[in-house]
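# Summary of the model geometry
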Number of protein chains: 2
Amino acid sequence: MSEPIAIIGGTGALGFGLALRWGRAGVPVVIGSRDAARAAEAVDRVREAVPDAQLEGYENAEAATKAEVVLLTVPFRSQSETLTNLKPVLAPHQLVVDATVPLAAAVSGRATRTLGVWQGSAAQQAQEMVPEGVRVVSALHTVSAATCGDLDHALDEDVLVCGNQREDKERVMGLIDRIDGLRCVDAGRLEMARIAESLTALLISINVRHKAHAGIKITGL
Amino acid sequence: MSEPIAIIGGTGALGFGLALRWGRAGVPVVIGSRDAARAAEAVDRVREAVPDAQLEGYENAEAATKAEVVLLTVPFRSQSETLTNLKPVLAPHQLVVDATVPLAAAVSGRATRTLGVWQGSAAQQAQEMVPEGVRVVSALHTVSAATCGDLDHALDEDVLVCGNQREDKERVMGLIDRIDGLRCVDAGRLEMARIAESLTALLISINVRHKAHAGIKITGL
């Protein structure tokens, strides 16, 4: 038995793909959406693909109360607003896993470029915004939403995990490692998210040139 | 037969490791150093390990005139001074391959952090400094100097190559692909070097945690 995970923005491409993968892996998933009806619809779609998945769907703030580990997979444009909405419901024992990438696309710039975030990274911005005692771990930036959402496609790549507490990272890695074909690599403190997040822009540049859905692996470990 | 490559800073750890690898691959190497005697010494050391390597050693500026492709593997602290010294000898047909990484270690900061370079990246700074008509390609940031310099250690990783001209990148890739175990991946325009360079800091953070000499691979291509 695994602890559940709540996916805020679980109707977006990456969130939905991860819901499918975790659903198949036997991890209970709570899908959050701005609209409870859309969350319920996403639950139905996951069930169609993975009939025995353990799933619930709620509006984002309610979803965030249903699991101790809360994954944020919203576009950077919505990150701040989403965290403001979650602030009243997040409690000190909870972990927020931030997968946000500050692509310049958020302000109609190129998806191969990132915005400078004052705090250093989207994950550090999240850490500043969550209530006292809630800790942020940064992960899952380099997993292609398209690949993740296609269950016929075997995954075979690494996930960089950044955070300031080793036990928080281990808890998040425990959940991510449940997904077949993903291996977690501890990439250091939360400030390293600045680089991990920028990898998405680099992979998008590679994808354009190679007509691919690239991921990364760390060699030599 | 391969065209030769000149390695500016070829007595440093990465430059020397690459000289060994190219020497073994049959690529003629010109080792440059600030001090011609140290360049000659490095030539002797490569010959000890790879007796049939084609090698010459010169002071940096002279070395840069001996090959059309000139690789810069100096610390960021020395990049600007080195390019100023090379400026009078570089000619419009030449390609500069920049492997410089603006680690904060250059100003006694952490090696897991980078400095902001006004032009965007060390490679773009190099492009601004070379004479008109000389083009810069950015590559080889993620290859561990320690691993590269140990010929008993098989390489098995990717090299991200950034540049504005496809034919320039192909020429550089042709040289790098001669080294067993390295695969080149076109990562886009020269501006993507900002992200590729920062990967070194990320790998250093991973190395600290995993007691490793990590590299990267791009999956899904």
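To keep things clear, this report deals only with the structure shown in the data block. Here the structure is a predicted model, which is why all the values come from computation and not from measurement. (Residues numbered from 1 in each chain as written. Chains lettered and ligands numbered in written order. Predicted model: local features only at pLDDT ≥ 70, side-chain atom pairs only at ≥ 80, totals over all residues. Heavy atoms only, no water.)

Much of the literature gives interface size as the accessible area that the parts lose upon coming together. Taken together, the contacts link 35 residues of chain A with 35 residues of chain B. Buried surface at the junction of chain A and chain B, both sides included, amounts to about 2,600 Å², of which 63% is carbon and sulfur. For chain A, the biggest contributors to the area lost against chain B are Ile-195, Leu-202 and Thr-219 of chain A; these three give 21% of the whole. Taken together, the connections running from chain A to chain B amount to four salt bridges. Counting across the chain A and chain B interface gives seven residue pairs in polar contact (both at pLDDT 80 or more). For the side of chain A that touches chain B, the secondary-structure elements that each account for two or more residues are strand S7 (157–162), strand S8 (182–188), helix H8 (193–210) and strand S9 (215–219) of chain A. Counting residues per element, the side of chain A that touches chain B draws most heavily on H8 of chain A, which supplies 11 residues. Across the side of chain A that touches chain B, the residue classes break down as 16 nonpolar, nine polar and 10 charged. (Contact = heavy atoms within 4.5 Å. Buried area = accessible area lost by both parts, 1.4 Å probe. Salt bridge = Lys/Arg side-chain N within 4 Å of Asp/Glu carboxyl O. Polar contact = N/O pair within 3.5 Å; in protein donor to acceptor, adjacent residues only side chain to side chain. Helix = DSSP H or I, 4+ residues; strand = E, 2+ residues; numbered from the N terminus. Nonpolar A, V, L, I, M, F, W, Y, C, P; charged D, E, K, R; others polar.)

All told, the structure shown has zero aromatic pairs over all chains when counted by the stated rule. The lysine or arginine in question, Lys-66 of chain A, covers the ring of Tyr-58 of chain A, its NZ or CZ lying 4.7 Å from the ring centre. Positioned above the aromatic ring of Phe-16 of chain B is the side chain of Arg-45 of chain B, whose terminal nitrogen or guanidinium carbon lies 4.1 Å from the ring centre. (Phe/Tyr/Trp six-rings, centres within 6.5 Å; stacked < 30°, edge-to-face > 60°. Lys NZ or Arg CZ within 6 Å of the ring centre and 35° of its normal.)

Moving on: the pairing of strand S9 (residues 215–219) of chain B. Burial of S9 of chain B is extensive: four of the five residues sit out of reach of the surface. Across five bridges, the pairing between S9 of chain A and S9 of chain B is antiparallel. Directly across from Thr-219 of chain A, in S9 of chain B, lies its bridge partner Gly-215 of chain B. (Buried < 20%, exposed > 50% of the residue type's maximum accessible area, 1.4 Å probe, protein only. Pairing = 2+ DSSP bridges.)

Turning next to the layout of surface pockets. Residues and elements named next belong to chain A. The calculated volume of the largest pocket comes to roughly 940 Å³. Lining the largest pocket are 41 residues; nearest its centre among them are Ala-13, Leu-14, Thr-73, Val-74 and Pro-75. Listing elements by their share of the lining of the largest pocket, those giving two or more residues are helix H1 (13–24), helix H3 (60–63), helix H4 (76–86), helix H6 (145–148) and H8. Broken down by element, the residue count for the lining of the largest pocket peaks at seven residues, all from H4. Taken together, the residues of the lining of the largest pocket break down into 19 nonpolar, 17 polar and five charged. (1 Å grid on protein atoms, 1.4 Å probe; cavity = no way out; pocket = protein on both sides within 12 Å on 5 of 7 lines; lining within 4 Å. Points joined across faces, edges and corners; volume = space filled by probe spheres on them.)

By secondary structure assignment, the location of Asp-186 of chain A is in strand S8. Spatially, the C-alpha atom of Asp-186 of chain A lies 8.8 Å from that of Arg-166 of chain A, the residues being 20 residues apart in sequence. Leaving out residues up to four positions away in the same chain, Asp-186 of chain A has contacts with Val-161, Lys-169 and Met-173 of chain A together with Ile-206, Arg-209 and His-210 of chain B. A polar atom in the side chain of Asp-186 of chain A sits 2.9 Å from the side chain of Lys-169 of chain A.

Let us look at the relation of the copies chain A and chain B. Mapping chain A onto chain B is achieved by rotating through 180 degrees and translating by 0.0 Å along the same axis, at an RMSD of 0.0 Å. The transformation just described matches what one would write down for a two-fold rotation axis. Relative to the rotation axis, the closest C-alpha in chain A is found at Lys-217 of chain A, a distance of 2.5 Å. With an isologous cut-off of 70% or more, the 100% of interface residues of chain A that recur at the interface of chain B puts this contact in the isologous class. (Least-squares fit on C-alpha atoms with pLDDT ≥ 70 in both.)

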